[in-house]
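One letter stands for each residue in the lines below.
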Amino acid sequence: MFDLLERNRVEELHMRCDAATGLRAIIAIHNTRFGPALGGCRFQHYPSTEAACQDAVRLAKGMSYKAVLAGVEQGGGKSVIIKPPGEIDRESSFRESLFRTFGRFVDSLGGRYITAIDAGTSAVEMDFIHAETTHVTSTSEEDNPSVYTAKGVFEGIRAAVKHKLNTPSLQGITVAVQGIGNVGYILCQSLHKAGAKLVVSDIDPAKLDRAKQEFGATVVDPDAIYARPCEVFAPCGLR
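Being a predicted model, the structure only gives us computed values, none of them experimental.

> Before we move on, can you summarise the packing of aromatic side chains with the specific residues and values?
Think of a pair of aromatic rings as described by two things: how far the centres are apart, and how the planes are tilted against each other in angle. If you walk through the whole model with that rule in mind, you get four aromatic pairs. Ring centres of Phe 43 and Phe 99 lie 5.2 Å apart, and the angle between their planes is 75°; on these two criteria the pair is classed as edge-to-face. Of this pair, Phe 43 sits in strand E4 (residues 41-44) while Phe 99 sits in helix H3 (residues 93-107); the two residues are 56 residues apart in sequence, bridging distant segments of the chain. The exposure class of Phe 43 is buried, given its relative accessible area of 4%. By relative accessible area, which is 0% here, Phe 99 ends up buried. Cation over ring: Arg 210 sits above Tyr 185, and NZ or CZ is 3.9 Å from the ring centre.

This is the structure:
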């Protein structure tokens, strides 16, 4: 574990196991030189604890670079909660107790880490966390950060198309969007409005049906999206 921290110059790696809720969570704080570490909370299955630690460290490091490039007075951090087997209803009392316990974990760090939305979490979970700590953002009382992420990706696509294809318009441009979750769906909205043709993939059939109905998107299997002919490939999923 120390080798992992040294290779990535990570300041701190915290782990919390709670027998009552089954919480197994990891918080990686990469750098706090310019301010408290900010980074989302990822809630997903992992093949091993080692894989979860590596993901937290990798993502925390990336958040440090993002903060420096954006010129904000924050450091980089990230947290992962290892999702228990099976599905957990978003409104269940178990989910609430799990994330409230995580909120106390965040609070125990005294503000060195601020959590937020990431893959597998939403404003619902942030509200649970907020019941236990003030060191959280992306709650239901605040703006959804996915909107700004999607806007950045959209503007990046426009700039890339203008540079590579010598056209300022996305009209008729085929964009393959891999994953239509928090960011991918909002990105599809902007692309559809701009006249792009959409090819989408996701592991959730309900999301695919929604994209097909709202945007006229062509739906393909997750493994088939990589070989689909397109001008732009937008990787918005974890696969």
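> Tell me about the pairing of strand E7 (residues 174-178), and please be specific about residues and values.
Within E7, five of the five residues are buried, leaving the element largely enclosed by the surrounding structure. Residues Thr 174, Ala 176 and Gln 178 of E7 are buried on one face, and the alternating residues Val 175 and Val 177, pointing to the opposite face, are buried as well. Note that E7 and strand E8 (residues 197-201) share five bridges and pair parallel. Across the sheet, Ala 176 pairs through a bridge with Val 199, a residue of E8. Tracing the backbone out of E7, into helix H6 (residues 182-193) and back to the parallel element E8 gives a crossover that is right-handed. Two strands pair when backbone bridges link them, and E7 and strand E10 (residues 232-235) are joined in this way by four bridges, in the parallel orientation. From the neighbouring strand, Gln 178 faces E10, where its bridge partner is Pro 235.

> Any details on the sheet that holds E8? Residues and values, ideally.
Strand order in the open sheet made by the four strands is E9-E8-E7-E10, with parallel pairing throughout. Edge positions in the sheet fall to strand E9 (218-219) and E10, since each has one partner strand and no second. Against the sheet, helix H7 (residues 205-215) contacts E8 and E9, and its axis sits at roughly 170° relative to E8.

What counts and what doesn't
- Residues numbered from 1 in each chain as written.
- Predicted model: local features only at pLDDT ≥ 70, side-chain atom pairs only at ≥ 80, totals over all residues.
- Heavy atoms only, no water.
- Phe/Tyr/Trp six-rings, centres within 6.5 Å; stacked < 30°, edge-to-face > 60°.
- Helix = DSSP H or I, 4+ residues; strand = E, 2+ residues; numbered from the N terminus.
- Buried < 20%, exposed > 50% of the residue type's maximum accessible area, 1.4 Å probe, protein only.
- Lys NZ or Arg CZ within 6 Å of the ring centre and 35° of its normal.
- Pairing = 2+ DSSP bridges.
- Right-handed = clockwise from strand over helix to strand, strands pointing away.
- Contact = heavy atoms within 4.5 Å.
- Axes fitted to C-alpha atoms, helices over the stretch in contact; angles between N-to-C directions.

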